[in-house]
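Structure at a glance
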Amino acid sequence: MSIIELDREYIVPTYARFPICLVEGKGSRVKDSEGKEYVDLGTGIAVNGFGIADEEWMEAITAQLGKIQHTSNLYYSEPCAKLAEMMCKKTGMKKVFFSNSGAEANECAIKVARKYGELKKGSQYTTIITQKDSFHGRTLTTLAATGQDVFHKDFLPLTDGFVHAEANNMEDVRRLANENPCCAVMFEVVQGEGGVRPLTQEFLTELEAFAHENDLLLIADEVQTGNGRTGKLYGYMNFGITPDVVSTAKGLGGGLPIGATMLGEKVEDVLGAGMHGSTFGGNPVACAGALSILARLDEAMLEGVKERSDYIFSELSNAKGVVGVSGLGLMIGIECEKPAGEVIDRCRERGVLVIKAKNKVRLLPALNIPMDDLRYAINILKEVCAE
Ligand SMILES: *Cc1c(COP(=O)(O)O)cnc(C)c1O
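Residues numbered from 1 in each chain as written. Predicted model: local features only at pLDDT ≥ 70, side-chain atom pairs only at ≥ 80, totals over all residues. Heavy atoms only, no water.

Attention shifts here to the site of the ligand. Within the structure, the ligand sits among S101, G102, A103, N106, F135, H136, G137, E188, D221, V223, Q224 and K250. Take K250: an N or O atom from its side chain is 2.7 Å from an oxygen atom of the ligand. Look at the ligand: alone it shows 380 Å² of surface, and the protein chains cover 82% of it. At three residues, the largest contribution of residues to the shell around the ligand is made by helix α5 (residues 102–120). (Near = heavy atom within 4 Å. Polar contact = N/O pair within 3.5 Å; in protein donor to acceptor, adjacent residues only side chain to side chain. Areas by Shrake-Rupley, 256 points an atom, 1.4 Å probe, with all protein chains shown as cover. Helix = DSSP H or I, 4+ residues; strand = E, 2+ residues; numbered from the N terminus.)

Structure (structure tokens):
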């Protein structure tokens, strides 16, 4: 059987996969099992931040692999301690909990918020306000946080204690905060799965002030927006706000599974011994990879993200067949006159991989994609939109 046939026979069919099998690549170029080459503008959904098989990242993880591949959290381990230090020094956050995915990073954030509510306000203060059209993960609790009914319907009952405000609507946040005993507000500064929709500066500034006045924790879900994706190290840094909790994953490991929940001053002491854990969390190989990624996300690298972003926005904003372009940094959504699925299929046939978010074509290229590859791919995308 071919790989595609094997997959269809033996893998639970939860994914609507594109009909190609990716086998290898370098940087922003990737090949399928037929030897066809593509320029990759999806990076495995914002994961391979420095592209495929990046040399420095490979050196970091192979060096660690040859030392020890896993320690368990019964012992101290250098890569995870060093990574936590670097994350705190670069953000001003105080402590980090490591896990293996975005959903788990958010689960930790939610546990911290509930414990904080209980400690500060009383045991009934457990409700978390999230935004409509948000996406926070696939576990039953992070699904409950996710403000999209389509993901809920087959799996009720979900975890209690979440209410959803209209995105960018402070009135709705105030109403929900009045009606419920709340401990936190959770948001993505750019809704990724929800259609690459940035929250507004005005909303986030007001939200921060409101959260401070009412002793609600500000939880930034930076699973997709984090680690350089938006042109700042973390997306919230574009808006001059200071969250109390920041969850991240996707791009942090450069392609290895890792999740992290960063805790600020208000909550650094909320969790104590035995209150949370993860067997694989803080895995030394994943942490060594993340350490090498984070160390390279300096001002020059972030400047490069902004330049590439400006290039894409200016090429596509008024292009034929394009209705609108949204997003921040290298997290970009394109509304086309043609259905997104058709644009994606045509691009793939012509050697360019792009993905979808709601009704939009979504671009999440490598942060350091060579300009030649980017120009080539954007030209094809423009031609496909204009056809
Ligand atoms: C992808 C994503 C998640 C879930 O991450 P997993 O690693 O798939 O669990 C959570 N929040 C946001 C904003 C995401 O984009």
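Segmentation of the chain into domains returns domain 1 (3–54 + 300–386) and domain 2 (57–295). Each of domain 1 and domain 2 was reduced to a C-alpha centroid, and the two centroids are 26 Å apart. On the side of domain 2, 29 residues touch domain 1, which itself brings 27 residues to the contact. Taking both sides of the interface into account, the surface hidden between domain 1 and domain 2 amounts to around 2200 Å²; carbon and sulfur atoms contribute 61%. Ranking the residues of domain 1 by area buried against domain 2 places L328, M331 and K358 at the top, with a combined share of 28%. At the boundary of domain 1 and domain 2, one finds two salt bridges. Between E193 and R362 there is a salt bridge; the shortest N-O distance is 2.9 Å. (Domains from an automatic or database assignment. Contact = heavy atoms within 4.5 Å. Buried area = accessible area lost by both parts, 1.4 Å probe. Salt bridge = Lys/Arg side-chain N within 4 Å of Asp/Glu carboxyl O.)

Moving on to a nonpolar patch on the surface. Where nonpolar side chains cluster on the molecular surface, the patch consists of M1, I3, L6, Y10 and I11 and spans about 560 Å² of accessible area. Of note, I3 is situated in helix α1 (residues 3–10). We classify I3 as exposed; its relative accessible area is 52%. (Patch = residues over 30% accessible without salt bridge, like charges linked within 9 Å, V, L, I, M, F, W, Y side chains within 5 Å. Buried < 20%, exposed > 50% of the residue type's maximum accessible area, 1.4 Å probe, protein only.)

Another point: the pattern of salt bridges. Between side chains of opposite charge, pairing is possible as soon as their charged atoms come close. Under the counting rule described, the total for this entry stands at 28 salt bridges. Measuring nitrogen to oxygen at the nearest pair gives 3.0 Å for the salt bridge that ties E206 to R174. Residue E206 is located in helix α9 (residues 201–213), and its partner R174 is located in helix α8 (residues 170–179); the two are separated by 32 residues in the primary sequence. Judged by relative accessible area, which is 30%, E206 ranks as partly exposed. We note a salt bridge from R350 to E383, for which the minimum N-O separation is 2.7 Å. Linking R350 in the loop between α12 (340–349) and β15 (352–353) with E383 in helix α13 (residues 371–386), this pair joins segments that are 33 residues apart in sequence. Judged by relative accessible area, which is 42%, E383 ranks as partly exposed. Salt bridges sharing partners connect three or more residues here, namely R346, E349, R350, E383 and E387.

With 16 residues, α13 extends 22 Å between its outermost C-alpha atoms, agreeing within 8% with the 22 Å of an ideal straight helix rising 1.5 Å per residue. Along α13, the residues classified as buried are D373, L374, A377, I378, I380, L381, V384 and C385. Mapping the buried residues of α13 onto a view down its axis gives an arc of 160 degrees, with all of them on the same face. (Expected span 1.5 Å × (residues − 1). Arc of directions from axis to C-beta.)

Moving on: the nonpolar core. By size, the foremost hydrophobic cluster in this structure holds 85 residues, and its most contacted members are L41 and L363. Counting only domains with at least three residues in this core, you end up with domain 1 (3–54 + 300–386) and domain 2 (57–295). Beyond its immediate chain neighbours, meaning those up to four positions away, L363 contacts L41, I312, L316, L330, M331, I332, I334, V354, I378 and L381. Among the nonpolar cores identified, the runner-up in size contains 22 residues, and I128, C183, A184 and V270 belong to it. (Core = buried A, V, L, I, M, F, W, Y, C linked by side-chain atoms within 4.5 Å.)

A few words now on unusual backbone geometry. Outside of glycine, negative phi angles account for most residues, and trans bonds account for most peptide bonds. Here the amide bond leading from L156 into P157 is cis, since omega sits at 0 degrees, within 30 degrees of zero. Residue placement: P157 occurs in the loop between α7 (149–152) and β6 (162–165). The phi torsion at V196 lies on the positive side, around 50 degrees, for a residue other than glycine.

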